[in-house]
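What follows is the residue order along each chain.
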Amino acid sequence: MNLLRIDSSVRVENSKTRALTDFFLQELGKYTPFSLVRRDVGLNPPPIPNDEFVKANYTSPTERTERMNEILKTSDELINELLNANKIVMASPMYNFSIPAPLKAYIDNIVRVGRTFTLGEDGTMNGLLGEKKILIITSRGAMSYKEDGVLAAFDFQEGYLKALCRFLGITAIQFVNTEAQDFGKEELKDTNFEQAKKELRELAKVW
Ligand SMILES: Cc1cc2nc3c(=O)[nH]c(=O)nc-3n(C[C@H](O)[C@H](O)[C@H](O)COP(=O)(O)O)c2cc1C
């Protein structure tokens, strides 16, 4: 089983998403052997697509110049890595109610017609990653983003990532999340973190 781990926290130390992801992979290893590929976009952000990227991307592969292929090289590498994975564990902190900019740059590099989704002549789009499974581990500094919580309307993180996965054809999507990691009561922070670990421990047995 090929497992792709994508980190996106810009924190080097004390990153909650990294710690939870480390924990999950350690647990998973007890039940399922896997070969791991790591992609840390938080520490090594992919380039933000620019004009040249868009032109290269929208040119048919057989008509691309050497320069265009060069421009798409990182994107191709990221996509090949993704296509090679059977399972994906993505770690996403909440930044300003959404995902970190390096993770958005990653997404802008991997969502490409003909590679990760198809575009029919009538405009129908179909994701090509249907066989994959994804676990998304999220962390937030504040609390009450869940269900009827006072900040529920501000959660542009999980809904976005879920919609994106579905667009790419992935239906086996799982979220484990921790809240109140920065601006809550100390005991709540620990309880929430431990609760996330508990969920991950259980999930590792069946994932
Ligand atoms: C740039 C930045 C923006 C953030 N924005 C939010 C936010 O909108 N809502 C929130 O609840 N927490 C916010 N936080 C707190 C993080 O979500 C929290 O620290 C989380 O644990 C980060 O994950 P990490 O520990 O893996 O880095 C923000 C943190 C940073 C650094």
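Figured I'd write up the structure that's included with this text. (Residues numbered from 1 in each chain as written. Predicted model: local features only at pLDDT ≥ 70, side-chain atom pairs only at ≥ 80, totals over all residues. Heavy atoms only, no water.)

One pass over the full model with this rule turns up 16 salt bridges. Residues Arg5 and Asp7 are paired through a salt bridge, measuring 2.7 Å at the closest nitrogen-oxygen approach. Taking the relative accessible area as the measure of exposure, Arg5 reaches 2% and is therefore buried. Judged by its relative accessible area of 1%, Asp7 falls in the buried class. (Salt bridge = Lys/Arg side-chain N within 4 Å of Asp/Glu carboxyl O. Buried < 20%, exposed > 50% of the residue type's maximum accessible area, 1.4 Å probe, protein only.)

Here we come to the nonpolar core. Counting 24 residues, the largest nonpolar core has Ile6, Leu103, Tyr106, Ile134, Ile136 and Leu161 as the members making the most contacts within it. Looking at this core, the elements that each hand over two or more residues are strand E1 (2-7), helix H4 (73-84), strand E3 (87-93), helix H5 (101-110), strand E6 (133-139), helix H6 (158-167) and strand E7 (172-178). Ranked by residues supplied to this core, first place goes to H5 with four residues. Setting aside anything within four residues of it in sequence, one finds Ile134 in contact with Ile88, Met90, Cys165, Ile170, Ala172, Ile173, Gln174 and Trp207. (Core = buried A, V, L, I, M, F, W, Y, C linked by side-chain atoms within 4.5 Å. Helix = DSSP H or I, 4+ residues; strand = E, 2+ residues; numbered from the N terminus. Contact = heavy atoms within 4.5 Å.)

Ser9, Ser15, Thr17, Met94 and Asp182 are the nearest of the 18 residues found near the ligand. Within the backbone of Asn96, an N or O atom sits 2.8 Å from a nitrogen atom of the ligand. Within the backbone of Gly141, one N or O atom sits 3.0 Å away from a nitrogen atom of the ligand. Surface burial for the ligand is 83%, taken as the share of its 630 Å² of free accessible area covered by protein chains. In terms of residue class, the shell around the ligand is built from six nonpolar, eight polar and four charged. (Near = heavy atom within 4 Å. Polar contact = N/O pair within 3.5 Å; in protein donor to acceptor, adjacent residues only side chain to side chain. Areas by Shrake-Rupley, 256 points an atom, 1.4 Å probe, with all protein chains shown as cover. Nonpolar A, V, L, I, M, F, W, Y, C, P; charged D, E, K, R; others polar.)

This paragraph deals with the sheet that holds E1. Judged by pairing direction, the sheet is parallel, and its five strands sit side by side in the order E2-E1-E3-E6-E7 without closing on themselves. Of all the strands in the sheet, just strand E2 (35-40) and E7 have a single pairing partner and so form its edges. On average, each strand axis in the sheet is inclined to that of its neighbour by 15°, with strand direction left out of account. Relative to E3, E1 runs parallel, the two sharing four bridges. (Pairing = 2+ DSSP bridges. Axes fitted to C-alpha atoms, helices over the stretch in contact; angles between N-to-C directions.)

For Arg5, the location among the structural elements is in strand E1. Polar side-chain contacts of Arg5 include one of 3.4 Å to the backbone oxygen of Arg18. If we skip the residues at most four places from it in the chain, Arg5 touches Arg18, Thr21, Asp22, Leu25, Leu36, Val37, Arg38, Arg39 and Val89.

What follows concerns helix H1 (residues 16-31). The terminal C-alpha atoms of H1 lie 23 Å apart, and with 16 residues this matches the ideal 22 Å at 1.5 Å per residue to within 8%. Along H1, the residues that are buried comprise Thr17, Arg18, Leu20, Thr21, Phe23, Phe24, Leu25, Glu27 and Leu28. Considering only its buried residues, H1 is in contact with E1, E2, E3, E6, E7 and helix H7 (186-206). (Expected span 1.5 Å × (residues − 1).)

On to the packing of H1 against H7. Axis separation between H1 and H7 bottoms out at 8 Å; the angle between their running directions is 30°. In terms of axis orientation, H1 runs roughly parallel to H7. At the point where H1 passes H7, the crossing takes the right-handed sense. Between H1, through Lys16, Ala19, Leu20, Phe23, Phe24, Glu27, Leu28 and Tyr31, and H7, the contact on the second element is made entirely by Lys189, Phe193, Ala196, Lys197, Leu200, Arg201, Leu203, Ala204 and Lys205. Residue composition of the contact of H1 with H7, grouped by class: 11 nonpolar, no polar and six charged. (Parallel < 35°, antiparallel > 145°, perpendicular 65-115°, else oblique. Left-handed = near helix turned anticlockwise from the far one by under 90°.)

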